[in-house]
Amino acid sequence: GESKGVDAVVGGFAEVSSTTGEQIRTNKPDSISDLAINPGLWRIAFRYDIVKSIPFTSYLMGEDQIYLIECLDRINETLFVKKIVYTYISGSANQLTNKKEIDKDLFQLFDDLN
């Protein structure tokens, strides 16, 4: 992305097990339509000066979507690639998405957005 002078590079991701280190799956999009099926922060590599200027929220769920909205507001030019731009580590017992009791945080996030 830096060599092309763009603000963000959008592409695929790899998911790796936190316990075994083995690759669980990869997702390399063939088109922009593929991105719409499984969107997320884990598909985008942002230029450093964009991400360092945005504070991460204190929400435990949905925080990545808020961050993504803030980042997208600062992007002027994006490069789409059919490669992996991010490695997502999953399967940790401490991973917040495994904790159902924090679902209430999503409701607080929705209230605050309204």
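It should be emphasised that the depicted structure is a prediction, and the values quoted were computed from it without experimental measurement.

Draft legend 1. Quick look at the pattern of salt bridges. Tallied over the entire structure, the rule returns four salt bridges. Between Arg25 and Glu15 there is a salt bridge, with its nearest N and O atoms 2.6 Å apart. You can see Arg25 sitting in strand E2 (residues 23-27) and its partner Glu15 sitting in strand E1 (residues 8-17), a full ten residues away along the chain. Owing to a relative accessible area of 13%, Glu15 belongs among the buried residues under this scheme. One network of salt bridges, in which partners are shared, links Asp7, Arg47 and Asp49.

Draft legend 2. Summary view of the pairing of E2. Looking at chain direction, E1 and E2 are connected through four bridges and run antiparallel. Residue pairing for E2: Val16 is matched across the bridge by Gln23. In textbook terms, the turn of a hairpin is the stretch between consecutive antiparallel strands, and for E1 and E2 this stretch comprises five residues, one of which, Gly21, has a positive phi near 75°.

Draft legend 3. Region of interest: the nonpolar core. Residues Ala8, Val10, Leu35, Leu41, Ile44, Phe46, Ile50, Ile54, Tyr67, Leu68, Cys71 and Ile75 constitute the largest nonpolar core, which totals twelve residues. Looking at this core, the elements with two or more residues in it are E1, strand E3 (44-46) and helix H3 (63-72). The element contributing the most residues to this core is H3, with three residues. For Leu35, the residues in contact, after removing those within four places along its chain, are Val10, Gly11, Pro29, Arg43 and Phe80.

Parameters at a glance
Residues numbered from 1 in each chain as written. Predicted model: local features only at pLDDT ≥ 70, side-chain atom pairs only at ≥ 80, totals over all residues. Heavy atoms only, no water. Salt bridge = Lys/Arg side-chain N within 4 Å of Asp/Glu carboxyl O. Helix = DSSP H or I, 4+ residues; strand = E, 2+ residues; numbered from the N terminus. Buried < 20%, exposed > 50% of the residue type's maximum accessible area, 1.4 Å probe, protein only. Pairing = 2+ DSSP bridges. Core = buried A, V, L, I, M, F, W, Y, C linked by side-chain atoms within 4.5 Å. Contact = heavy atoms within 4.5 Å.

Function cannot be read off these values alone, since they describe shape.
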